[in-house]
Amino acid sequence: MKQRKEQIEKDILAACERSNRNRSDVKVVAITKQVSVSTAKAAFQEGICHLGENRLEGLQQKQTAMEENVQWHFVGNVQSRKVRELVNNIDYLHSVDRLSLVKEIQKRAEQPVKCFIQVNVSGEQSKSGFTPDEAEAFIDAIQQYDKVHVIGLMTMAPFTEDTELIRSVFRSLRELRDRIAAKKLPHAPCTELSMGMSNDFEIAIEEGATFVRIGTALVGTESEGDE
Ligand SMILES: *Cc1c(COP(=O)(O)O)cnc(C)c1O
């Protein structure tokens, strides 16, 4: 874990240097969905205080076992009937992908939730999220839902070796973010970009990511244990 973290830290720094960015503008969210509580604790001990899960059960299991002062992120598909349990127990929600979810959050949240609108830039059938055009219109249309505070946009790049394709996806998300942020909407400052995973976080940082979501490259998978 320590070695992986040091390597990733080097890679992040290099990507920041290449793109003239400050290291402090990029937050690392360790995605712990494939690892045990003890590995999640080890990540926290290494100084990673943003942890992310993609299932409510996994989130609750980690939260019950960890007393540490973690910032909890949820990156998975949200089932409407679990919204109350979810949104009142996390700090960031990366996967707002439909109006019905916004309405449910409005009903169930005790205070405003920091949300990312999920955008399917690449248009792959298998991915959820709005098209870029839809995302912009959607954000304009949800201002009356004051429990949904749109801090930014989230995307997943296609799983491919084609780095230029990946880069173009991240760049498109940044350009969309810039357009929306320029409107200075009170409910949607939209300054953040959640993009970049184990395989592509360096490209994402070069293209402006402010949150990278790194799982396997940082914490490994369960089968590798708690090294
Ligand atoms: C699992 C997951 C990640 C992390 O993936 P890795 O390839 O293991 O880094 C990031 N974002 C989302 C939405 C995920 O589901």
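Counting of residues starts from 1 at the beginning of each chain's written sequence and follows it residue by residue. Owing to the predicted nature of the model, reporting of local features is limited to residues with pLDDT of at least 70; listing and counting of side-chain atom pairs is limited to 80 or more, with chain, interface and lining totals taken over all residues. Derived side-chain values reflect all non-hydrogen atoms in the structure, with water molecules and hydrogen atoms excluded from consideration.

Our focus in this paragraph is the overall build of the chain. When helices and strands are counted, the chain shows nine helices and eight strands. The quantity called the radius of gyration is restricted to C-alpha atoms. Its globule counterpart is 2.2 Å times the number of residues to the power 0.38. Taking 2.2 N^0.38 as the reference for a compact globule, 227 residues should give roughly 17 Å; the C-alpha atoms of the chain span a radius of gyration of 17 Å, in line with that estimate. With the principal axes as the frame, the chain shows a C-alpha extent of 45 × 40 × 30 Å. Each residue gets one of three labels from its accessible area relative to the maximum for its type: buried under 20%, exposed over 50%, partly exposed in between, using a 1.4 Å probe on protein chains only. Per-residue burial over the chain gives 51% buried out of 227 residues. Using a 1.4 Å probe, accessible areas were evaluated by the Shrake-Rupley method; residue-level cover was limited to the displayed protein chains. Carbon and sulfur atoms form 45% of the exposed surface of the chain, whose accessible area is close to 10900 Å². Every helix listed is a DSSP run of H or I at least four residues long, and every strand listed is a run of E at least two residues long, numbered separately from the N terminus.

This brings us to the site of the ligand. The near set for a molecule or strand comprises every residue that places at least one heavy atom within 4 Å of it. Every residue lining the ligand is accounted for by I31, K33, V75, M154, M156, M197, S198, R213, I214, G215 and T216. Polar contact is defined as a pair of N or O atoms within 3.5 Å, subject to the rule that within protein one atom must be able to donate a hydrogen and the other to accept it, and that residues adjacent in sequence are counted only when both atoms are side-chain atoms. The side chain of S198 places a nitrogen or oxygen atom 2.5 Å from an oxygen atom of the ligand. Separating an oxygen atom of the ligand from a backbone N or O atom of G215 is a distance of 2.7 Å. A total of 390 Å² of accessible area belongs to the ligand in isolation, and the protein chains cover 88% of it. The classification used treats Ala, Val, Leu, Ile, Met, Phe, Trp, Tyr, Cys and Pro as nonpolar, Asp, Glu, Lys and Arg as charged, and all other residues, Gly among them, as polar. For the shell around the ligand, a count of residues per class yields six nonpolar, three polar and two charged.

Once that is clear, we can look at unusual backbone geometry. Non-glycine residue N20 carries a positive phi angle of around 55°. Counting through the fold element by element, N20 comes out in the loop between α1 (2-18) and β1 (27-31). Judged by its relative accessible area of 75%, N20 is exposed.

Moving on: the pairing of strand β4 (residues 92-96). With five of five residues buried, β4 lies mostly within the body of the structure. Here β4 pairs with strand β5 (residues 113-118) via three bridges, running parallel. By the bridge assignment for β5, Y92 is matched with K114. Whether a crossover is right-handed depends on one test, that the path from the first strand over the helix to the second runs clockwise when the strands point away from the viewer. The parallel pair β4 and β5 is bridged by helix α5 (residues 99-108), and the resulting crossover is right-handed. When DSSP finds two or more bridges between two strands, those strands count as paired.

Judged by nonpolar contacts, the single largest core of 66 residues is most densely connected at L51, L93, I105, I117 and L153. Examining the composition of this core, we find that six residues originate from one element, helix α7 (residues 163-182), more than from any other. Beyond its immediate sequence surroundings of up to four residues, L153 is in contact with F116, I117, V119, I139, L173, L176, R177, I180, C190, E192, L193 and S194. In this text, buried Ala, Val, Leu, Ile, Met, Phe, Trp, Tyr and Cys residues form a nonpolar core when linked through side-chain atoms within 4.5 Å. Core analysis: the second largest hydrophobic core is formed by eight residues, I31, Y92, I151 and F211 among them. Between two residues, a contact is recorded if the distance between any of their heavy atoms is within 4.5 Å.

Another aspect to go through is the side chain of E207. Of note, E207 is situated in the loop between α8 (201-206) and β8 (211-214). Look at E207 and you get buried, because its relative accessible area is 4%. When near neighbours in sequence (up to four residues on either side) are disregarded, E207 contacts R167, F170, R171, R174, L193 and M195.

Paired rings are identified among Phe, Tyr and Trp, the last through its six-membered ring, by centres lying within 6.5 Å, and are further divided according to the angle between planes into stacked (under 30 degrees), edge-to-face (over 60) and tilted (the rest). If you walk through the whole model with that rule in mind, you get three aromatic pairs. Pairing Y92 with F211 gives two aromatic rings, centres 5.4 Å apart and planes at 55°, and the pair type is tilted. Here F211 lies in strand β8 and Y92 lies in strand β4, a separation of 119 residues in the sequence. The exposure classification of Y92 matches that of F211, with both residues buried. Put simply, the rings of Y92, F116 and F211 pair up and form one aromatic cluster. Of note, K114 hangs over the ring of Y92, and the distance from its end group to the ring centre comes to 5.0 Å. Either the NZ atom of lysine or the CZ atom of arginine qualifies as a charge over a ring when it sits within 6 Å of the ring centre and within 35 degrees of the ring normal.

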